Amino acid sequence: MTEATAESRTRLWTPEGFRDDGWVHAEDAGALAGNRRVILPLPAFLELDPEQREAARERLGVLLQPGDQLDSIVDLLDQLSLVALAFPAFNDGRSFSKAQLLRSRHGFEGAVRATGQVLIDQLPHMLRVGFNEFEVSHPVLLKRLEAGQVGGLPLHYQPAAKPAGQGAGYSWRRVPAKA
């Protein structure tokens, strides 16, 4: 399958269901010339003039790779509508930690999007740590989401960015919050 074919099968899913994606991925600031909502890689985002970032804040997002430092954008979060966190391989979970930190430590209220290898068994955990948008291309996950099957376990032992209720009888057992 070519890259163009794989990209054309990517769909945007949120907890409310599938929707059209108003954002485009771009490699440099030239994409901001129009009125499109643009997700830039971290180096391109950091190269923007502060006035340019401020003027485009409602339509500006940044893509962080697993090795990119979250600290490089913490002071600029008020200039972003979206932070996309990459999962280039299913076994690299560093973006889970970044999502949790964005929500709990830094209070980011914009969209936190998962891109790349988003798989069915990871989706419930991604929701718990604060992701609220997903670029989905995996055929099994697409099929299950189309059928309304998000998956996940009914109890959790650890706290997360998304609030949970206390389970019956045990202070350490948590139940998923009702949407």
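Residues numbered from 1 in each chain as written. Predicted model: local features only at pLDDT ≥ 70, side-chain atom pairs only at ≥ 80, totals over all residues. Heavy atoms only, no water.

**Some words on the overall build of the chain**
Applicable threshold: Where helices and strands are cited, they refer to DSSP runs of H or I of at least four residues and of E of at least two residues respectively, numbered from the N terminus. Type-normalised accessible area, obtained with a 1.4 Å probe on protein chains alone, sets the label of each residue: buried when under 20%, exposed when over 50%, and partly exposed for intermediate values. Working rule for contacts: check all heavy atoms of both residues, and any pair within 4.5 Å makes them a contact. In this description, accessible areas are obtained by the Shrake-Rupley approach with a 1.4 Å probe, and a residue is regarded as covered only by the protein chains that are shown.
Each helix and strand counted, the chain has seven helices and ten strands in total. Counting across all 179 residues of the chain, residues that qualify as buried make up 41%. Considering only contacts in the chain between residues 6 or more positions apart, those separated by 24 or more positions represent 47%. Total accessible area on the chain stands at roughly 10200 Å², and carbon and sulfur atoms take up 50% of it.

**Here we look at the nonpolar core**
Counted only if it meets this: For our purposes a nonpolar core is just a set of buried Ala, Val, Leu, Ile, Met, Phe, Trp, Tyr and Cys residues, chained together by side-chain atoms within 4.5 Å.
Residues Leu40, Phe45, Ile73, Leu80, Val83, Phe131 and Phe134 are the most contacted members of the largest nonpolar core, which totals 40 residues. Top element by residues in this core is helix α6 (residues 123-129). It accounts for four residues. Discounting residues that sit within four places of it in the chain, phenylalanine 45 has contacts with Leu40, Arg53, Leu60, Val62, Ile73, Leu76 and Leu80. Within the second largest apolar cluster, seven residues are counted, among which are Ile39, Leu82, Ala84 and Ala111.

**Considering the side chain of glutamate 133**
Worth spelling out the cut-off: Polar contact is defined as a pair of N or O atoms within 3.5 Å, subject to the rule that within protein one atom must be able to donate a hydrogen and the other to accept it, and that residues adjacent in sequence are counted only when both atoms are side-chain atoms.
Tracing the backbone through its elements, the reader meets glutamate 133 in strand β8 (residues 133-136). By relative accessible area, which is 7% here, glutamate 133 ends up buried. Only 2.5 Å separates the side chain of glutamate 133 from the side chain of arginine 19, close enough to count as a polar contact. Those residues in contact with glutamate 133 that sit more than four places away from it in its chain are Leu12, Trp13, Thr14, Arg19, Leu82, Ala111, Val112, Arg113 and Ala114.

**Here we look at the environment of leucine 64**
Within the secondary structure layout, leucine 64 lies in strand β5 (residues 60-64). Residue leucine 64 is classed as buried on the basis of its relative accessible area of 0%. Each C-alpha atom, one on leucine 64 and one on phenylalanine 87, is 9.6 Å from the other, the two residues being 23 residues apart in sequence. Every residue in contact with leucine 64, bar those within four places of it in the chain, is listed here: Leu42, Leu70, Ile73, Val83, Ala84, Leu85, Ala86 and Lys98.

**Details of the confidence of the model for the chain**
Fine structural detail should not be taken from predicted coordinates in areas where pLDDT scores are low. Quick reminder of the rule: Summary of the metric used: pLDDT quantifies the predictor's per-residue confidence within the range 0 to 100.
In this model, the chain carries an average pLDDT of 86, and 80% of its residues clear a pLDDT of 70 or more. Low pLDDT (under 50) marks residues 1-8, which in the prediction has three contacts with non-local residues, meaning those over four places away or in another chain.

**Notes on the packing of aromatic side chains**
One pair of aromatic rings is described through two measures. These are the centre distance and the angle between the planes. The line we're drawing: Note on ring pairs: Phe, Tyr and Trp rings are taken, using the six-membered ring of Trp, and paired if centres are within 6.5 Å. Classes follow the plane angle, with under 30 degrees stacked, over 60 edge-to-face and the rest tilted.
Counting across every chain of the model gives four aromatic pairs. Aromatic pair tryptophan 13 and phenylalanine 134: ring centres 5.6 Å apart, planes at 45°, arrangement tilted. In this pair, tryptophan 13 sits in strand β1 (residues 11-14) while phenylalanine 134 sits in strand β8, placing the two residues 121 residues apart along the sequence. For the pair tryptophan 13 and phenylalanine 134, a shared accessibility class is recorded, and that class is buried. For the ring pair phenylalanine 87 and phenylalanine 96, a centre distance of 5.2 Å and an interplane angle of 80° mean the geometry is edge-to-face. With a relative accessible area of 18%, phenylalanine 96 lands in the buried category.

**Structural notes on the pattern of salt bridges**
For clarity, the cut-off: What makes a salt bridge here is a side-chain nitrogen of Lys or Arg within 4 Å of a carboxyl oxygen of Asp or Glu, nothing more.
Within this structure, the stated rule accounts for seven salt bridges. Aspartate 92 is the salt-bridge partner of arginine 94, the closest N and O atoms lying 2.7 Å from each other. Judged by relative accessible area, aspartate 92 falls into the buried class, the value being 16%. For the salt bridge of glutamate 133 with arginine 113, the shortest nitrogen-to-oxygen distance reads 2.8 Å. Of this pair, glutamate 133 sits in strand β8 while arginine 113 sits in strand β7 (residues 111-116), and the two are 20 residues apart along the sequence.

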